[in-house]
Amino acid sequence: MLRFVNWLGEVFGLRFEVSIDDPPLRNVGNYDKLWRWSVEDLENFWVSVWRYFGVIPPLTLY
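Residues numbered from 1 in each chain as written. Predicted model: local features only at pLDDT ≥ 70, side-chain atom pairs only at ≥ 80, totals over all residues. Heavy atoms only, no water.

Draft legend 1. Spatial organisation of the pattern of salt bridges. Within the structure shown, the criterion is met by one salt bridge. R36 is the salt-bridge partner of D32, the closest N and O atoms lying 3.0 Å from each other. Placement of the pair is D32 and R36 together in helix α2 (residues 28-40), with a separation of four residues, close to one helical turn. Given a relative accessible area of 31%, D32 falls into the partly exposed group. (Salt bridge = Lys/Arg side-chain N within 4 Å of Asp/Glu carboxyl O. Helix = DSSP H or I, 4+ residues; strand = E, 2+ residues; numbered from the N terminus. Buried < 20%, exposed > 50% of the residue type's maximum accessible area, 1.4 Å probe, protein only.)

As structure tokens, then:
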């Protein structure tokens with residue numbers, strides 16, 4: 001997850017500033033921002049997931 005979040009910053013300029021070694025609950029707000037982005041901007045979220053994991057989308061969805 002941390003690698004994906006860092007990649008989002010490098011490629012898309014999105015900053016969520018999450019880490020795995022912070023004190024408990026410090027990043028809750030940042031995870032909330034990440035979650036909100038993932039559900040409010042579905043198209044860009046899935047494009048980023050496909051690009052990050054190297055998934056080739058179908059030419060048509062139907």
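Draft legend 2. Up close: helix α3 (residues 42-53). Given a rise of 1.5 Å per residue, twelve residues ought to cover 16 Å, and the 16 Å separating the end C-alpha atoms of α3 matches this to within 8%. If you check which residues of α3 are buried, you get F45, S48 and V49. Here the buried residues of α3 occupy an arc of 100 degrees about the axis, which is enough to place them on one side. One or two positions beyond α3, positive phi appears at G54, with a value near 75 degrees. (Expected span 1.5 Å × (residues − 1). Arc of directions from axis to C-beta.)

Draft legend 3. Up close: the packing of aromatic side chains. This structure, assessed with the given rule, holds seven aromatic pairs. For the ring pair W37 and F45, a centre distance of 5.7 Å and an interplane angle of 80 degrees mean the geometry is edge-to-face. The same class applies to W37 as to F45, namely buried. Grouped by ring-pair contacts, the aromatic residues F4, W7, F12, Y52 and F53 constitute a single cluster. (Phe/Tyr/Trp six-rings, centres within 6.5 Å; stacked < 30°, edge-to-face > 60°.)

Draft legend 4. Highlighting the side chain of S38. Along the polypeptide, S38 turns up in helix α2. With relative accessibility at 14%, the residue S38 sits in the buried group. Here the side chain of S38 touches W35 through a polar contact of 2.7 Å, landing on its backbone oxygen. (Polar contact = N/O pair within 3.5 Å; in protein donor to acceptor, adjacent residues only side chain to side chain.)

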